[in-house]
Structure formats: structure tokens, C-alpha cells
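# A closer look at the structure
In case you want the letters, here they are:
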Amino acid sequence: MGLWSKKIKYLTVFYIGSMIFALGCQNSTKRNENSSSLNENAPLVDEKYSLTADRQQFDELRKNIPEEKKKENDELAFMSQLFSDEKKAPAQIREKFDSILRKKREIFQKDMTRARETYVKEEKKRKEAFTKEQEEARVDFKKQKSSRDSTAEFYSDLDAKRKEFYSNERDQRDEFESDIRDKRKNFDDYAREKSNEFNQELRAYTKRIEEVKKAN
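Only a predicted model underlies this, so the values are computations on that prediction, with no experimental measurement involved. (Residues numbered from 1 in each chain as written. Predicted model: local features only at pLDDT ≥ 70, side-chain atom pairs only at ≥ 80, totals over all residues. Heavy atoms only, no water.)

### Regarding the overall build of the protein chain
Going by this rule: Each helix is a run of H or I in the DSSP string that is no shorter than four residues. Each strand is a run of E no shorter than two, and both are numbered from the N terminus. The rule is simple: take the accessible area with a 1.4 Å probe, protein chains only, and divide by the maximum for that residue type; under 20% is buried, over 50% is exposed, in between is partly exposed. The contact definition used throughout considers only heavy atoms, calling two residues in contact when any of these lie within 4.5 Å. Per-residue accessibility takes into account occlusion by the displayed protein chains alone, with areas from the Shrake-Rupley method and a 1.4 Å probe.
Scanning the protein chain for helices and strands turns up 7 helices and 0 strands. Moving toward the C terminus, one meets the helices and strands of the protein chain in the order α-α-α-α-α-α-α. Evaluated residue by residue, the protein chain yields a buried proportion of 26% over its 216 residues. Looking at the protein chain alone, contacts between residues at least 24 apart form 82% of all its contacts between residues at least 6 apart. Carbon together with sulfur atoms contributes 49% to the accessible area of the protein chain, which is approximately 15,400 Å² in total.

### Some remarks on the pattern of salt bridges
Pairs can form between side chains of opposite charge whenever their charged atoms are close. The condition is simple: Any Lys or Arg side-chain nitrogen located within 4 Å of an Asp or Glu carboxyl oxygen qualifies as a salt bridge.
According to the stated counting rule, one finds 17 salt bridges in the structure shown. Where arginine 173 meets glutamate 177, a salt bridge forms, and the shortest distance between an N and an O atom there is 3.0 Å. In this pair, arginine 173 and glutamate 177 are both assigned in helix H7 (residues 148–215), 4 residues apart and thus about one turn of the helix distant. We classify arginine 173 as partly exposed; its relative accessible area is 22%.

### Let's talk about the side chain of glutamine 134
Here glutamine 134 shows up in helix H6 (residues 90–142). If we skip the residues at most four places from it in the chain, glutamine 134 touches Leu158, Lys161 and Arg162.

### A closer look at the nonpolar core
Heads up, the condition is: The nonpolar core is taken to be a set of buried Ala, Val, Leu, Ile, Met, Phe, Trp, Tyr and Cys residues, with the residues joined through side-chain atoms within 4.5 Å.
Counting 20 residues, the largest nonpolar core has Leu82, Phe83, Ile93, Phe97, Phe198, Leu202 and Tyr205 as the members making the most contacts within it. Those elements that place two or more of their residues in this core are helix H5 (67–82), H6 and H7. Among the elements that take part in this core, H7 stands out by supplying 9 residues, more than any other. For leucine 202, the residues in contact, after removing those within four places along its chain, are Phe83, Pro90, Ile93 and Arg94.

### Considerations on the confidence of the model for the protein chain
Definition in use: On a range of 0 to 100, pLDDT expresses the predictor's confidence in each residue.
Taken residue by residue, the protein chain gives an average pLDDT of 80. The fraction at 70 or more is 70%. Taking the mean pLDDT of every element in the protein chain, the minimum, 39, falls on helix H2 (residues 11–24) and the maximum, 96, on H6. The low-confidence segment residues 1–38 (pLDDT under 50) makes 40 contacts with residues lying over four places distant or belonging to another chain.

### A short note on the environment of isoleucine 93
With respect to the element layout, isoleucine 93 can be found in helix H6. Relative accessible area serves as the criterion here: at 2%, isoleucine 93 is assigned to the buried category.

### As for the packing of aromatic side chains
Here is the rule: Centres within 6.5 Å make a pair out of two Phe, Tyr or Trp rings, where for Trp the six-membered ring is used; the pair is then stacked when the planes are under 30 degrees apart, edge-to-face when over 60, and tilted otherwise.
The tally for this structure, following the rule as stated, stands at 11 aromatic pairs. Between phenylalanine 130 and tyrosine 166, the aromatic rings sit 6.2 Å apart at their centres with planes inclined by 90°, giving edge-to-face as the arrangement. A residue pair is termed long-range when its members are at least 10 positions apart, and phenylalanine 130 in helix H6 and tyrosine 166 in helix H7 qualify at 36 residues. Given a relative accessible area of 10%, phenylalanine 130 falls into the buried group. Centre to centre, the rings of phenylalanine 154 and tyrosine 155 are 5.0 Å apart; their planes meet at 80°, and the pair counts as edge-to-face. By relative accessible area, tyrosine 155 is classed as partly exposed at 32%.

### Overview of the packing of H6 against H7
Counted only if it meets this: Lines fitted to C-alpha atoms define the axes here, with helix axes fitted over just the stretch in contact, and angles between the N-to-C directions of these axes take values from 0 to 180 degrees. For this classification, under 35 degrees means roughly parallel, over 145 means roughly antiparallel, 65 to 115 means roughly perpendicular, and everything else is oblique. Only Asp, Glu, Lys and Arg are considered charged, only Ala, Val, Leu, Ile, Met, Phe, Trp, Tyr, Cys and Pro nonpolar, and every remaining residue, Gly among them, polar.
It is the contact of H6 with H7, at a shortest axis distance of 12 Å, that shows an interaxial angle of 175°. Compared by their axis directions, H6 and H7 come out roughly antiparallel. Looking at the contact of H6 with H7, its residues break down into 24 nonpolar, 9 polar and 18 charged.

Encoded structure:
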């Protein structure tokens with residue numbers, strides 16, 4: 001029996017063991033989660049981009065298992081499924097993996113594009129509202145009789161508000177761009193990590209297939 005066939009055979013045992021472990025340390029896990037920051041517990045990429053198997057049939061059984069542990073188990077199951085049929089040629093398995101990873105990348109890219117479009121729209125609304133507010137202030141001020149000093153003070157204050165507003169907008173834009181860069185880097189790191197894992201398993205799978213052919 002091949003290595004991956006054995007893994008498939010014991011996958012259910014693995015999940016049951018994980019459940020028992022999760023139930024036994026559930027209270028401890030909750031305490032740890034409460035004492036840790038969200039950034040420390042955050043996964044590298046969102047679940048929708050993860051290379052995981054369809055585990056719907058286990059959802060009820062796994063409801064008490066921590067999310068990060070479930071994700072790890074699902075990724076193991078995904079990789080196991082790719083190599084479960086030893087009749088498949090290595091090229092077919094690689095094609096399937098590349099196709100799935102490509103689809104995940106497309107989903108990620110669409111989400112990043114949508115996030116940028118949303119930010120640009122909101123940014124434009126804020127700038128338009130601020131410009132309108134300043135124009136209304138000018139119109140109202142011009143209706144009044146003002147001294148030279150009060151006029152100078154008014155326009156100086158208006159200019160200071162304009163500088164502060166656009167400074168804040170630049171800071172927000174920089175923060176947004178930094179967040180996008182971090183998400184792209186995290187996704188690329190994740191994709192590279194999973195590709196390396198896949199390539200390692202594919203080499204082992206190919207070697208097993210070649211050995212079987214030689215034995216026959």
C-alpha cells in the first residue's frame with residue numbers, strides 16, 4: 001500500500017484524534033486566545049484563498065476544533081487527495097494543482113481590485129465633500145463685511161484646514177497601500193510554501209510510480 005493510501009486510510013482517525021485533543025484543551029485555548037492579539041492569531045491568508053479539501057461532511061464533528069487547526073487539517077487532506085489515486089500520471093496531478101492555485105490567485109486578485117476600487121470611490125467622496133465645505137465657507141465669509149486682518153486670518157485658517165485634510169488623506173492612502181502590499185506578500189509567501197510542499201510530494205510520488213513500473 002502506498003504512503004498516500006495509508007494517509008487516506010488513517011485520515012478519519014487523524015480527525016477524531018484532533019477532535020479529542022481540541023475538546024480536552026478547549027478551555028485552555030479560549031484563555032490563550034483572549035490573552036493574545038488578533039494579529040498574532042491571524043492566518044497568513046484568508047480562508048477563501050487556502051488550498052483545502054471539501055470537508056463539509058466533517059463540519060458537525062469538528063465544530064469544537066479551533067479554526068486554525070481545522071484549516072491545517074483541511075490543507076493536509078487537500079494534499080492527500082491529490083495523490084490518493086496512484087494511477088494518475090504526475091503531469092495530471094501537477095496540472096490539477098496548478099489549476100487550483102491559479103483559481104485561488106484569481107480570487108485574490110479580484111478581491112484586491114475590488115478593495116482598491118472601493119477605497120478610491122470613498123476617497124473621492126471625502127475630497128469632494130471637503131472641497132464643497134470649503135467653498136461654502138468662502139461664500140458665507142464673502143457675504144460679511146470683514147477687515148483686512150480678519151480676512152487674512154480666515155484664509156489662513158482655511159489653508160491650514162486644507163493642508164491638514166490632504167495630509168490625513170495621504171496617511172490613509174499610505175496605510176491602505178501598505179495593507180495591500182502586506183496581503184499580496186502574504187499570499188505570495190503562502191503560494192510559494194504550498195508549491196514547495198507540493199513539489200516535494202510530487203517528487204516522492206513520481207519515484208514511487210517509477211519503482212512500481214520497474215518492479216513490474
